[in-house]
Amino acid sequence: AMMTFTFWRKQGYGSDLCDRATAFIQAQADADVGLLWTSVPDFYRARGWEGVPGEPAVFGNPAKPTVRGGEVTMMLFLSERAQAARPQLEAGPLYVGQTSW
């Protein structure tokens with residue numbers, strides 16, 4: 001999770017941290033997709049993340065998975081393999097494991 005205390009907002013600290021984290025993710029040669037959930041999608045969209053329609057990612061019990069409600073799912077499609085699989089990834093659901101973190 002990422003947040004900035006009110007006193008420190010609008011000074012670029014969160015933007016800098018997110019830009020660095022995004023660059024680190026993009027530099028991973030074995031990464032196909034970056035995935036996050038947020039209540040401030042415009043912040044991440046400005047850094048190259050893309051909003052994914054619907055609720056494509058679920059977690060928890062595979063037989064009865066949980067959907068993260070109230071947040072927008074954002075993805076980075078990093079590899080050619082991810083770009084090719086994009087329609088399936090966006091159509092969901094994408095099971096991410098027992099926890100969403």
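Refer to the structure above for everything that follows.
Note that this is a predicted model, so its numbers are computed, not measured.

K.L.:
Quick one: what's the story with the packing of aromatic side chains, residue by residue and with numbers?
P.N.:
Aromatic ring pairs are described here by two measures, namely the spacing of the ring centres and the angle between the planes. Under the defined criterion, the tally for this structure stands at 3 aromatic pairs. Judged by centre distance (6.1 Å) and plane angle (75°), the rings of W8 and Y13 are edge-to-face. Summarising the aromatic geometry, the rings of F43 and Y44 are spaced 5.1 Å apart at their centres and angled 85° between planes, so their arrangement reads as edge-to-face. Using a relative accessible area of 23% as the deciding quantity, one classes F43 as partly exposed. Here the aromatic residues F7, W8 and Y13 are joined through ring pairs into a cluster of three or more.

K.L.:
Tell me about the pattern of salt bridges, residues and numbers included.
P.N.:
Here the idea is simple: oppositely charged side chains can pair when their charged atoms come close. What the rule picks out here adds up to 6 salt bridges. Here R81 makes a salt bridge to D32, at a shortest N to O gap of 2.8 Å. Taken as a pair, R81 in helix α3 (residues 80-91) and D32 in the loop between α1 (13-26) and β1 (33-38) lie far apart in primary sequence, 49 residues in all. Here R81 falls in the exposed class, since its relative accessible area comes to 61%. Note that E90 and R86 form a salt bridge whose closest N and O atoms lie 3.0 Å from each other. One end of the pair is E90 and the other is R86, both in helix α3 and 4 residues apart, which spans about a single turn. The exposure class of E90 is partly exposed, given its relative accessible area of 24%.

Here is what the cut-offs are and how they apply
- Residues numbered from 1 in each chain as written.
- Predicted model: local features only at pLDDT ≥ 70, side-chain atom pairs only at ≥ 80, totals over all residues.
- Heavy atoms only, no water.
- Phe/Tyr/Trp six-rings, centres within 6.5 Å; stacked < 30°, edge-to-face > 60°.
- Buried < 20%, exposed > 50% of the residue type's maximum accessible area, 1.4 Å probe, protein only.
- Salt bridge = Lys/Arg side-chain N within 4 Å of Asp/Glu carboxyl O.
- Helix = DSSP H or I, 4+ residues; strand = E, 2+ residues; numbered from the N terminus.

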